[in-house]
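Coordinate analysis (summary)
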Amino acid sequence: MNNDQQLKLQSYLDDELSPRENRQVTEWLAVDSDARALLAELKNTTSALSGNELEVKLPEGRDFYFSKIQRQLEREAKVQAAPVREPVLARLWKYVLPLAGTAAAVIVFAMVLQKQISPATLAYVAGEGETSEEMSAYTYHSQADGMTVVWLADNSAATEVSSEAIEIQ
Amino acid sequence: MPTTPDYTSQADSELVKSSQKGDMRAFEELVGRHRDKIYARAFSMMRNEEEAIDLSQEAWVKAWQRLVQFQGDSSFVTWMTRIVINLCLDQLRKNKRQRAESIEAMDEDGGGVERHLPVVTVNPTEGLERGELRQRIDKALAQLSKEHRTVLILHEFEDLEYKEIAKRMGCSIGTVMSRLFYARRRMASLLQSLKKERT
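None of the values given here were measured: they were computed from a predicted structure. (Residues numbered from 1 in each chain as written. Chains lettered and ligands numbered in written order. Predicted model: local features only at pLDDT ≥ 70, side-chain atom pairs only at ≥ 80, totals over all residues. Heavy atoms only, no water.)

Bringing the overall build of chain A into the picture now. Scanning chain A from terminus to terminus reveals six helices and three strands. Each helix (α) and strand (β) of chain A, taken in turn from the N terminus, gives the series α-α-α-α-α-α-β-β-β. Residues counted as buried form 23% of the 169 residues belonging to chain A. Counting only contacts in chain A whose residues sit at least 6 apart along the sequence, the fraction spanning at least 24 positions is 16%. (Helix = DSSP H or I, 4+ residues; strand = E, 2+ residues; numbered from the N terminus. Buried < 20%, exposed > 50% of the residue type's maximum accessible area, 1.4 Å probe, protein only. Contact = heavy atoms within 4.5 Å.)

Inspection of the entire model under this criterion finds 18 salt bridges over all chains. Among the salt bridges present, the one from Glu55 of chain A reaches Arg134 of chain B, with a minimum N-O distance of 3.4 Å. Taken together, the positions of Glu55 of chain A in the loop between α3 (33–49) and α4 (62–81) and Arg134 of chain B in helix α5 (residues 130–142) put the pair across two chains. Residue Arg134 of chain B is classed as buried on the basis of its relative accessible area of 15%. Of the charged contacts in the structure, one is a salt bridge between Glu29 of chain B and Arg62 of chain A, with a shortest N-O distance of 3.1 Å. Linking Glu29 of chain B in helix α2 (residues 24–46) with Arg62 of chain A in helix α4, this pair reaches from one chain into another. The class of Glu29 of chain B is buried, set by a relative accessible area of 8%. Relative accessible area serves as the criterion here: at 31%, Arg62 of chain A is assigned to the partly exposed category. (Salt bridge = Lys/Arg side-chain N within 4 Å of Asp/Glu carboxyl O.)

What follows covers the environment of Ala48 of chain A. The topology assignment puts Ala48 of chain A in helix α3. Classification of Ala48 of chain A by relative accessible area gives buried; the value is 4%. Contacts of Ala48 of chain A, omitting those with residues within four sequence positions, involve Thr125, Leu133 and Ile137 of chain B.

All names here are of chain A. Confidence along chain A averages 78 in pLDDT terms, with 73% of residues attaining 70 or more. Ranking the helices and strands of chain A by mean pLDDT puts helix α2 (residues 19–31) first, with 96, and strand β3 (residues 159–167) last, with 43. Below pLDDT 50 for its whole length, residues 121–130 participates in 13 contacts with residues either more than four positions away or in separate chains. Contacts of residues 158–169 to residues separated by more than four positions or lying in other chains number 25 contacts, the stretch itself having pLDDT below 50. (pLDDT = per-residue confidence, 0-100.)

So, in structure tokens, the structure goes:
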């Protein structure tokens, strides 16, 4: 008898089989003495256990036992009633965190903005050798837009003389 | 002058209603009536007096806190027993984790030992006086592993179906069937040994 058959026999005893399976097991029992013997053993054990659990008594007096339950209930009621006090750091953190977050966002935004329009950056982008004592050049280059803008300034006159846009390939 | 109700003469259902309204004296009467049964279930599962006292006490605390949820679909004592069983199962899982063993890995039931036990052909409990029978059953139960004992208790003493046991124990129906089969076969063998010891 394999494991599945043994468990099926047990399910038969416990009335956990479908009517069809039940019929199959009944037929099987009629021809298999080993199955009948095992079923008889399982039945005997189940009958012996039924209603024969040892009676155990609580080894504590009624009043003492109940007083412990009552104390536990009082303790839990107090815990629930008490306002939840957050630690100082946690309370501070609650206010500091949004402020710090906003400040960080502003700084990052400012840095990005500065990087995009800074003349120094533009001059760097333009490359060295494009400036002289009389002239200076600032170049803005956008790969995405496929364009370069060059600002030319006349340093001697301290006035901007011209600017032109050059399309790149 | 208001008279104190005679709680001892009231039915459980009346005491439950009063307790649901916050009457602690009514609840005390319920505890007094059923404390042995609730403790006994905890003890049968844990086999440890101290743990059983703590868990049964915790069950009563939980019952008071959840009393409004009790709708009377089952008897009060059945509802209470379910609470203590769940607490015991939680505790067994915790104990298991502390022993660094997975509850699913516990698979002595799948080892096939039970398949090789010889069938006990003569009923080992036949003709026994009830007190003696109960003693022997308790002694045999104590020798089972906690998982096998739990399945046997839930099925034989609490009349739970395979599906319900699997749900409560957090395992598959197949595992329940396997554990129950092993537990029954082992019980038959242990009861037979106890019979031989006495004769």
